Amino acid sequence: MLFLARMDVVFPESMTDETKADFQVREKAYSADLQERGIMKGIWRVVGEYSNYSMYEVDDLDFLHATFQGFPMFAYMNVKVTPLAKHPNATTDDFFREL
């Protein structure tokens, strides 16, 4: 199953820059691992916001939820998930080969 997720990060104003930087390092490593394992198919930033759109391919909704919970910044994220299905007008079987 394919899912599109929008993740908006909102840190508390009281969080130090050092703590934010630590989160960012751990978040990058976790994201890279998901991409290497083929779970996260792509990630795109939203210009001008601390947000991204990312695409996930998983077989199980509980696994997807656990994947989101694994993000170091999860406690500071608002996540909106949209399930995706191939459109009958699609001209290719593999969107990602076209990128």
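As the structure is a prediction and not an experimental result, all values here were calculated from the model. (Residues numbered from 1 in each chain as written. Predicted model: local features only at pLDDT ≥ 70, side-chain atom pairs only at ≥ 80, totals over all residues. Heavy atoms only, no water.)

> How should the UniProt feature "domain: Muconolactone isomerase" (unreviewed entry) in the protein be read in this particular structure?
Using the residue numbers shown here, the UniProt feature "domain: Muconolactone isomerase" (unreviewed entry) corresponds to residues 1–89. Helix makes up 33% of residues 1–89 and strand 33%, and the two end C-alpha atoms of the span are 19 Å apart. (UniProt positions renumbered as here; feature names shortened; annotations may be inferred. Helix = DSSP H or I, 4+ residues; strand = E, 2+ residues; numbered from the N terminus.)

> Just checking my understanding: could you explain the side chain of threonine 67 for this structure?
Position of threonine 67 among the secondary structure elements: in helix α2 (residues 61–69). Residues contacting threonine 67, with those up to four places away along its chain left out, are Tyr30, Leu34, Ile39 and Tyr56. (Contact = heavy atoms within 4.5 Å.)

> Help me understand the pairing of strand β2 (residues 40–45) in this model?
Each regular strand carries side chains that alternate between the two faces of the sheet. Pairing geometry for β2 and strand β3 (residues 51–57), over five bridges, is antiparallel. Pairing of arginine 45 across the sheet is with asparagine 52, part of β3. Where β2 folds back on β3, the antiparallel hairpin that results is connected by five residues, among which glycine 48 adopts a positive phi of roughly 85°. (Pairing = 2+ DSSP bridges.)

> Which parts of the structure should I look at to understand helix α1 (residues 17–36)?
One turn of an α-helix holds 3.6 residues; hence residues three or four places apart share an orientation. With 20 residues, α1 should cover 28 Å at 1.5 Å per step; its first-to-last C-alpha distance of 29 Å lies within 8% of that length. Those residues of α1 lying buried are Phe23, Glu27, Ser31 and Leu34. Viewed end-on, α1 has its buried residues packed into an arc of 65°, placing them on one side of the element. Exposed residues pointing more than 90 degrees away from the buried face of α1 are listed as Glu18, Val25, Lys28 and Glu36. Each element contacted by the buried residues of α1 is listed here: β2, β3, α2 and β4 (77–84). One or two residues past the end of α1 sits glycine 38, with phi positive at roughly 80°. (Expected span 1.5 Å × (residues − 1). Buried < 20%, exposed > 50% of the residue type's maximum accessible area, 1.4 Å probe, protein only. Arc of directions from axis to C-beta.)

> Would you explain the packing of aromatic side chains in this entry?
Pairs of aromatic rings are described using the distance from one ring centre to the other and the angle between the two planes. One pass over the full model with this rule turns up six aromatic pairs. Taking the centre distance of 4.8 Å and the plane angle of 75° together, the rings of tyrosine 30 and phenylalanine 71 count as edge-to-face. Of the two residues, tyrosine 30 sits in helix α1 while phenylalanine 71 sits in the loop between α2 and β4, which places them 41 residues apart along the sequence. Assessed through its relative accessible area of 4%, phenylalanine 71 is described here as buried. Three or more aromatic residues joined by ring pairs make a cluster, and in this case those are Phe11, Phe23, Tyr50 and Tyr76. (Phe/Tyr/Trp six-rings, centres within 6.5 Å; stacked < 30°, edge-to-face > 60°.)

> Explanation requested: the sheet that holds β3 in the structure shown.
For sheets, the rule is that strands pair by backbone hydrogen bonds, running either parallel or antiparallel. Taken together, four strands build an open sheet; the order of strands is β2-β3-β1-β4 and the sheet is antiparallel. In the strand order of this sheet, the two ends are held by β2 and β4, each with one partner. Recorded for the sheet is a direction-independent mean angle of 20° between the axes of neighbouring strands. In this structure, strand β1 (residues 2–9) lies alongside β3, joined through seven bridges in antiparallel fashion. Note that in β3 the partner of aspartate 8 across the bridge is serine 51. (Axes fitted to C-alpha atoms, helices over the stretch in contact; angles between N-to-C directions.)

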